[in-house]
Amino acid sequence: MKRINPRLAKLHRSYSVSELADVLGVHKHTVRGWLKKGLLPIDGAKPTLILGSEFQAWWAKQRKAAKRPCAPGQMYCLRCRLPKAPALGMLEYAATNAATGNLKAMCETCGTMMHRRTQMADIPFVMPGLRVERTLAPSSIVERTHPSPNCDEKKDC
Ligand SMILES: [Zn+2]
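Our subject in this report is the structure included herewith. Predicted, not measured: the structure shown is a model, and the values here were computed from it.

Rules of the game
- Residues numbered from 1 in each chain as written.
- Predicted model: local features only at pLDDT ≥ 70, side-chain atom pairs only at ≥ 80, totals over all residues.
- Heavy atoms only, no water.
- Donors = N, O, S within 2.8 Å, 3.2 Å for Na, K, Ca; no water.
- Tetrahedral: all angles 85-135°; square planar, octahedral: opposite > 155°, others 65-115°.
- Salt bridge = Lys/Arg side-chain N within 4 Å of Asp/Glu carboxyl O.
- Buried < 20%, exposed > 50% of the residue type's maximum accessible area, 1.4 Å probe, protein only.
- Pairing = 2+ DSSP bridges.
- Helix = DSSP H or I, 4+ residues; strand = E, 2+ residues; numbered from the N terminus.
- Arc of directions from axis to C-beta.
- Core = buried A, V, L, I, M, F, W, Y, C linked by side-chain atoms within 4.5 Å.
- Contact = heavy atoms within 4.5 Å.
- Phe/Tyr/Trp six-rings, centres within 6.5 Å; stacked < 30°, edge-to-face > 60°.
- Lys, Arg positive; Asp, Glu negative; His and termini not counted.

### With respect to the coordination of the zinc ion
Within the protein, C77 (SG), C80 (SG), C107 (SG) and C110 (SG) serve as the donor atoms for the zinc ion, at 2.2 to 2.3 Å. Taken together, the four donor atoms coordinating the zinc ion span angles of 103 to 113° at the metal, a pattern that classifies the geometry as tetrahedral.

### Notes on the pattern of salt bridges
Counting across every chain of the model gives one salt bridge. One salt bridge in this structure joins E19 and R13, with 3.5 Å as the shortest N-O distance. For E19, a relative accessible area of 35% translates into the label partly exposed. Under the relative-accessibility criterion, R13 is labelled partly exposed at 39%.

### Side note on the pairing of strand β7 (residues 113-119)
Looking down a regular strand, the side chains alternate between one sheet face and the other. Bridge analysis of strand β6 (residues 100-106) against β7 gives seven bridges, and the strand direction is antiparallel. Counterpart to T100 in the pairing with β7 is Q119. Two successive antiparallel strands, β6 and β7, enclose a turn made up of six residues, where G111 displays a positive phi of approximately 80°.

### Re helix α1 (residues 17-24)
Residue pairs spaced three or four apart in an α-helix point in one direction, given the helix's 3.6 residues per turn. Residues of α1 that are buried: V17, L20, A21 and L24. One side of α1 carries all its buried residues, which in axial view fall inside an arc of 100°. Two residues or fewer after α1 comes G25, characterised by a positive phi angle close to 75°.

### Thoughts on the nonpolar core
Counting 15 residues, the largest nonpolar core has L20, V31, W34 and F55 as its most contacted members. Within the residue set of this core, elements represented by two or more residues are α1, α2 (28-36) and α3 (52-67). When neighbours within four sequence positions are excluded, L20 is seen to be in contact with A9, Y15, V31, I50 and F55. In this structure, C77, L91, M127 and V132 belong to the second largest nonpolar core, which totals 14 residues.

### Brief notes about the packing of aromatic side chains
Tallied over the entire structure, the rule returns six aromatic pairs. Pairing W34 with W58 gives two aromatic rings, centres 5.9 Å apart and planes at 45°, and the pair type is tilted. Here W58 lies in helix α3 and W34 lies in helix α2, a separation of 24 residues in the sequence. For W34, a relative accessible area of 5% puts it in the buried group. By relative accessible area, which is 4% here, W58 ends up buried. Judged by centre distance (6.4 Å) and plane angle (55°), the ring pair of W58 and W59 falls under tilted.

### Some details on the side chain of K84
Its location among the elements puts K84 in strand β4 (residues 82-84). Buried and unpaired, K84 has no salt bridge, with E108 as the nearest side chain of opposite charge at 4.9 Å. Residue contacts for K84: discarding those within four places in its chain leaves G73, Q74, M75, C77, C107, E108, T109 and M114.

This is the structure we're talking about:
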């Protein structure tokens, strides 16, 4: 992801999509993408206007969300670059020793294998409500589950 300095958008100015794109040095399609991802334009303005302060607040929230460790029931997907839930609620656990091991699951969004180190005793807290198949051997989850054929990697994934 491109590095963006959100402070280039002045707090008390409003920007059209292309103005905001120019100020930040991104493509206007990027700004449109942000609007789809929850950046709020000024109510009722046509064409779309975005307040600098609204952009900065939204950007800070996005950054914070990106840094947030995985919540219970989630693992970090390297491809989506987001914490994601396991596809079909399926998990596998490969013990590395009596107490510790690796959880494996497929990303619900893109089907990429996700890994999360955990203590065996913590699994009910890390993945509440999900059934874990404990295995020592490499998992066969790939053969049994197929990623969604509709997953378009150019989308949010
Ligand atoms: Zn993913």
